[in-house]
Amino acid sequence: MKVKSFFQDVLGSARVAKRRKDVVKKASDIPFWDDPISDAANALHPGKIDVELFQVKEISDTLKAFVFSSKNGHFPYFKAGQYCTFEIPQGENVYTRPFFLTSGPYQTREEFPLIEILVRKKDDIASDYFFNKIKVKDILKAEVGLGYFFFDPLRDCRNLVCLAKDDFVFCFLSFIREVEFGKGDYDLTILYDGNEDVLKYLNGYKKTKIIHVPFDDSMNFIDFTKDATYFICSDKSSGDKIVEQLKEKEIPERRIRTDFFYHPDLDELKDKDFKIKVLCGIQEEIIPANGRESIATALEKAGKRIHTCCRKGECGCCRIKIEKGKYLIQTLKDQRRMADKEFNYV
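Presented here is an overview of the structure given in this document. Each residue is numbered by its place in its chain's sequence as written, counting from 1. Selection of residues for local features in this predicted model requires a pLDDT of at least 70, selection of side-chain atom pairs for listing and counting requires 80 or more, and totals for whole chains, interfaces and linings are taken over all residues. By convention in this description, side-chain values take in all heavy atoms of the structure and omit both hydrogens and water.

Re the packing of aromatic side chains
Step number 1: Two rings from Phe, Tyr or Trp (for Trp, the six-membered ring) form a pair when their centres are within 6.5 Å of each other. A pair whose planes differ by under 30 degrees is stacked, one over 60 is edge-to-face, and the rest are tilted. Within the structure shown, the criterion is met by 16 aromatic pairs.
Step number 2: Taken together, Phe66, Phe68, Phe86, Phe99, Tyr129 and Phe130 form an aromatic cluster joined through their ring pairs.
Step number 3: When the ring centre of Tyr345 is taken as reference, the NZ or CZ atom of Arg319 above it lies at 4.6 Å. Here, a charge over a ring is recorded when the distance from Lys NZ or Arg CZ to the ring centre is within 6 Å and its angle to the ring normal is within 35 degrees.

And the structure:
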């Protein structure tokens, strides 16, 4: 259909409608169920999949790498910097916890696709399960390729400066491996303040500049160039100081990417216990909660199954409506949608 003027455009719409009716009239009576668009979308974003523990690598007394294969033979593609979640059984309850993907995206495209996570030994449910309970060939539910902390060539410079405190450096392992072995087309510098065992695990990569340096208030170790994008992954207290320094050096806000965990204000609430009234339809239940745990964690402990991802209150996966009471969003910016803020969804 050739369109050369407004009137021909209007007349053309009538011809399109007639053609559509002719095609429908000539169609077969047998339903055609194939939907290649949905098939492609489901392959790229399958939701939760079954994964099997393939290998455990002991890095130190307190740090292990866990390698998983997919039961259906493939993983959804992900970008360096994204994370995955695992459903962790604990008695009668199931807890969902996020982990940085430390494998490179290229590893999901190989003949035998694998993903890897690192787990530090700590006093929490996830660490206890991975260090003391899970065995090779155990099967878990996982969701792979979540989060927005990744390189985007339309937005970011090809010179990436990544700053990480302690075990938050795990999220940059996928960047390092993709640059070394995959298709990571950017220059990568890692500035790291943390444990020596992680630094040893990072050794051997030739295409990435890795610098172990203590973070302080001066930040004199950073070459504050505006021709770079700064990826910062740390606790919120340290991250805020780094962001402040970057802004003082007039680094544009669009060049600063952050992924912060834990809010310092939670220290004031760590010894306080609260009660949460949960309304589900016409059912009402009172559950206990500690000041340092999220609403999602309190619901999980009470046996309330909810679909969670980031565990930071920014992805919108586990939206609930707060009818009454105060709450804290533990990210640098409140990234909820405007409607969620207005109608009190978290």
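Brief notes about the nonpolar core
Step number 1: Core analysis: the largest hydrophobic core is formed by 30 residues, its most contacted members being Leu160, Val169, Phe172, Phe175, Leu188 and Ile190.
Step number 2: Those elements giving two or more residues to this core turn out to be β2 (63-70), β7 (159-165), α4 (173-181), β8 (187-193), α5 (196-202) and β10 (229-235).
Step number 3: In contact with Val169, not counting residues within four places along its chain, are Ala164, Ile190, Tyr192, Val198 and Leu202.
Step number 4: Residues grouped as a nonpolar core are buried Ala, Val, Leu, Ile, Met, Phe, Trp, Tyr and Cys residues, joined through side-chain atoms within 4.5 Å. Relative accessible area decides the class of each residue, using a 1.4 Å probe on protein chains only: under 20% of the type maximum gives buried, over 50% gives exposed, and in between gives partly exposed. By size, the runner-up hydrophobic cluster in this structure holds 25 residues, among which are Tyr95, Ile125, Ala126 and Val144. In DSSP terms, a helix is any run of H or I states spanning at least four residues, a strand is any run of E spanning at least two, and both are numbered starting from the N terminus. In what follows, residue pairs with any heavy atoms lying within 4.5 Å of each other are defined as contacts.

Quick notes on the sheet that holds strand β3 (residues 83-90)
Neighbouring strands of a sheet are bound in pairs by backbone hydrogen bonds; such pairs are parallel or else antiparallel.
Step number 1: Ordered in space as β4-β3-β6-β1-β2-β5, the 6 strands form an open sheet in which the pairing is antiparallel. Looking at which strands have only one partner, the edges of the open sheet turn out to be β4 (93-100) and β5 (114-120). With strand direction ignored, the average angle separating the axes of adjacent strands in the sheet is 40°.
Step number 2: Where helix α3 (residues 125-132) meets the sheet, it contacts β2, β3, β4, β5 and β6 (139-146), and its direction lies at approximately 80° from that of β3. At least two DSSP bridges between two strands are needed for those strands to be called paired. For helices, the axis comes from a line fit to the C-alpha atoms of the stretch in contact; other axes are also lines fit to C-alpha atoms, and the angle between any two N-to-C directions lies between 0 and 180 degrees.

Quick word on unusual backbone geometry
Step number 1: Positive phi values are uncommon outside glycine, yet Lys137 reaches one of about 80°.
Step number 2: Looking at the secondary structure, you find Lys137 in the loop between α3 and β6.
Step number 3: Positive phi is not limited to glycine here, since Glu250 has a value of about 60°.
Step number 4: Locating Glu250 in the fold gives a position in the loop between α6 (236-248) and β11 (256-261).
Step number 5: Looking at Glu250, the relative accessible area reads 56%, which means it is exposed.

Examining α4
Step number 1: Along α4, 8 of the 9 residues are buried, which leaves the element largely enclosed by surrounding structure.
Step number 2: All of the buried residues in α4 are Leu173, Ser174, Phe175, Ile176, Arg177, Glu178, Val179 and Glu180.
Step number 3: Buried positions along α4 lie against β5, β7, β8, α5, β9 (208-212) and β10.

A word on α3
Step number 1: Most of α3 is tucked away: 6 of the 8 residues are buried.
Step number 2: What α3 keeps buried is the set Ile125, Ala126, Ser127, Tyr129, Phe130 and Phe131.
Step number 3: For α3, the secondary structure elements touched by its buried residues are β2, β3, β4, β5 and β6.
Step number 4: In this structure Asp124 caps α3, since a side-chain oxygen of it lies 3.4 Å from the backbone nitrogen of Ala126. Distance and chemistry together define a polar contact, namely a pair of N or O atoms within 3.5 Å, with one atom able to donate a hydrogen and the other to accept it when in protein, and with adjacent residues in sequence counting only for side-chain atoms on both sides.

Description of the side chain of Arg120
Step number 1: Within the secondary structure, Arg120 is located in strand β5.
Step number 2: A distance of 2.8 Å separates a polar atom in the side chain of Arg120 from a polar atom in the side chain of Asp167.

Keep in mind these numbers describe shape, not what the thing actually does.
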